Amino acid sequence: MAHKLKAYRLGLLVIVFIVAGCASSRVEEFRATETGMVSGEGLVLLGRASFSDNETKESFTDCMADSLEGGDRPLRVVPQNTFRDNFYPWFEPRVEPTSAEELKKLFMEPGVKDLISSSNIRYIAWIEGDTVRVDDGGTMSCTIGPWGGGCLGFSYWEEDASYKATIWDLEKMISAGQISSDSRGTSYIAGVILPIPILARPGNAACNALADQLREFLTGS
Amino acid sequence: MKLRPDIKDNAKTASKRLFSFLFFFTLLSACAPSDIVIEGSLPVPMVKKIPVRIGVHYPDAFANFVHTETSKEIGAWQIDFGEQNVDFFRALFGSMFTEVVILEKWDSDIAGVSNEDTQGVLVPQIKKYGFLTPFVSGLGFYSASIEYDLTLFDARGATIFNWTVVGYGKSEGKAFAKEEAVEQATLLAIRDAGARIAIEFDKQKAFKSWFRSLEKAENGS
């Protein structure tokens, strides 16, 4: 009987973790032209860098790349660091093209168009956005000493992950469209001697939502 | 099961010793100076070569640049650029000009010094270097900036133009890896400045007019 009660409590705790740790996502899409990818064609995800605090972190574009390269319909994703090295200095943060018009000019530079063709890169997806903390509260204190330690209290924080992907078609030399993803989630940490975290991961939710929608956008299925 | 009192006492003493050791080790490691030698690879630019036979002189202060800084907020730092500056600029100028001659000695103060081997002489210098830690900036990343000073002389030692280029770099950094983060930010700052030099050097007004005069002189002869 005691074992059953323990298992029941544990199950309840797991459910609480799962429910409370969820993040909700909203995805929107704007399409300017038809898209499609033939076998062998690839895309590169480039995080927009602005040298401010709120710029796309490499971990987010890496997460998207992992998501796009996996699954039932994997896409060929060229790593952004390799791409930036190969095309140095044209895609460095302060000199990179900011519009499809600037991209046309860039293609006139010697070697750029040829290298794009030989690398078989069809699309560039510019990723902009960040995950920010919008609210927090509660208190928790932890102490540690030679005889042990522990935490007591409760705290929470709410995060908003807002990202946008602007897709450039390198064959048509136009902006093919935009996809945006917005995710919110509240995380909790309860200190009952041991700190028990119940984490929502809105950044991860936004990454997966944006990657899934980008796959649909590019492959049209 | 009850532990024997002597074993219990020994365990208590051992845990106290371990705690004290960890405490003092943490304190000592916080006081240790941060010595960094900048290492890593930087890409070679893909730009149109300027048809000029250029001499490049790397002053000692540039080739052996070391930045030292001590403050209450960040502690003691020594950042040695090592071979990085010269290696990167060799690759940079090598890709920018059709022919590069390294000049071991160069003194623009000696009037009328003639250098028949080259059409111009380029001397890079570091005017300023600085870095910020998250503790100082209040932002969630480490950043570095380098102010390069490029002076172009004609073959006789007269100054054609002087150009200041500032490069910025930032790194998210990880816990207990502040040196690595500053090194990464510094590498990115060198890379950023290099991108601007590669793209904008031949667009400088003074350079354009000097280059036109070179072309005229070559066509006239």
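Residues numbered from 1 in each chain as written. Chains lettered and ligands numbered in written order. Predicted model: local features only at pLDDT ≥ 70, side-chain atom pairs only at ≥ 80, totals over all residues. Heavy atoms only, no water.

*Asks:* What should I look at first to understand the overall build of chain B in this one?
*Replies:* When you go through chain B residue by residue, the secondary structure sums to 6 helices and 8 strands. Order of helices (α) and strands (β) in chain B, N terminus to C terminus: α-β-β-α-β-β-α-β-β-α-β-β-α-α. For chain B, the residues scored as buried account for 43% of the 221 residues in total. Partitioning the intrachain contacts of chain B with sequence separation of at least 6 by distance along the chain shows that 73% fall at a separation of at least 24. If you sum the accessible surface of chain B, you get close to 12600 Å²; carbon and sulfur atoms cover 55% of it. (Helix = DSSP H or I, 4+ residues; strand = E, 2+ residues; numbered from the N terminus. Buried < 20%, exposed > 50% of the residue type's maximum accessible area, 1.4 Å probe, protein only. Contact = heavy atoms within 4.5 Å. Areas by Shrake-Rupley, 256 points an atom, 1.4 Å probe, with all protein chains shown as cover.)

*Asks:* Looking at this structure, I do not really get the overall build of chain A. What am I missing?
*Replies:* Along chain A, the regular secondary structure elements total 6 helices and 6 strands. Reading chain A from its N end, one meets helices and strands in the order α-β-β-α-β-α-α-α-β-β-β-α. The buried share of chain A, reckoned over its 221 residues, is 38%. Counting only carbon and sulfur atoms, one obtains 56% of the accessible surface of chain A, whose full area is about 11700 Å².

*Asks:* Just to check I follow, could you spell out the interface of chain A and chain B for this structure?
*Replies:* With 24 residues of chain A at the contact, the number on the chain B side is 27 residues. Roughly 2100 Å² of surface becomes buried between chain A and chain B when both sides are summed, with 64% attributable to carbon and sulfur atoms. At the surface where chain A touches chain B, the tally comes to 3 salt bridges. Salt-bridge contacts for Arg191(B) lead to Asp85(A); the nearest nitrogen and oxygen are separated by 2.7 Å. When residues of the side of chain A that touches chain B are traced back to their parent elements, those giving at least two are helix H3 (80-86), helix H5 (112-119) and strand S4 (121-145) of chain A. Per element, the largest residue contribution to the side of chain A that touches chain B is 3 residues, and it comes from H3(A). (Buried area = accessible area lost by both parts, 1.4 Å probe. Salt bridge = Lys/Arg side-chain N within 4 Å of Asp/Glu carboxyl O.)

*Asks:* Honestly, helix H4 (residues 100-107) of chain A in this entry has me stumped. Any pointers?
*Replies:* An α-helical turn contains 3.6 residues, so any two residues separated by three or four positions project in the same direction. All names here are of chain A. Listing the buried residues of H4 in full gives Ala-100, Leu-103, Leu-106 and Phe-107. Across the axial projection of H4, the buried residues extend over an arc of 105°, all falling on one side. When the buried face of H4 is taken as reference, the exposed residues oriented beyond 90 degrees from it are Glu-101 and Lys-105. (Arc of directions from axis to C-beta.)

*Asks:* Please explain the sheet that holds strand S2 (residues 42-47) of chain A as it appears in this structure.
*Replies:* Sheets are built from strands paired through backbone hydrogen bonds, the pairs being either parallel or antiparallel. All names here are of chain A. Judged by pairing direction, the sheet is mixed, and its 6 strands sit side by side in the order S1-S6-S5-S4-S2-S3 without closing on themselves. Of all the strands in the sheet, the pair left with one neighbour each is strand S1 (23-31) and strand S3 (76-78). On average, adjacent strands in this sheet sit at an angle of 20° to one another, irrespective of strand direction. Of the pairings in the sheet, the one linking strand S5 (residues 148-169) to strand S6 (residues 174-198) comprises 19 bridges and is antiparallel in character. Note on S6: the bridge partner recorded for Tyr-156 is Tyr-188. Contacts between helix H6 (residues 202-219) and the sheet are confined to S1, S2, S4, S5 and S6, with S6 contributing the most and set at about 155° to the helix. (Pairing = 2+ DSSP bridges. Axes fitted to C-alpha atoms, helices over the stretch in contact; angles between N-to-C directions.)

*Asks:* Hey, could you run me through the sheet that holds strand S4 (residues 75-80) of chain B in this one?
*Replies:* All names here are of chain B. Strand order in this open sheet of 3 strands is S1-S4-S3, and the pairing throughout is mixed. Since the sheet does not close on itself, it has two edges, and those belong to strand S1 (34-37) and strand S3 (66-71), each with one partner. Across this sheet, the average inter-strand angle for adjacent strands is 10°, counted without regard to direction. Across 4 bridges, S1 lies against S4 in parallel orientation. Bridging from a neighbouring strand, Asp-35 pairs with Gln-78 of S4. The sheet contacts of helix H5 (residues 178-200) involve S1 and S4, and relative to S1 the element is tilted by about 40°.

*Asks:* Sorry, what's going on with the state of the cysteines here?
*Replies:* Linking two cysteines covalently via their sulfur atoms produces the bond known as a disulfide. Going through the model one piece at a time under the given rule, you end up with 2 disulfides over all chains. Each bonded cysteine of chain A gets a number by its place in the sequence, and the pairs then read 1-4, 2-3. (Disulfide = S-S within 2.5 Å.)

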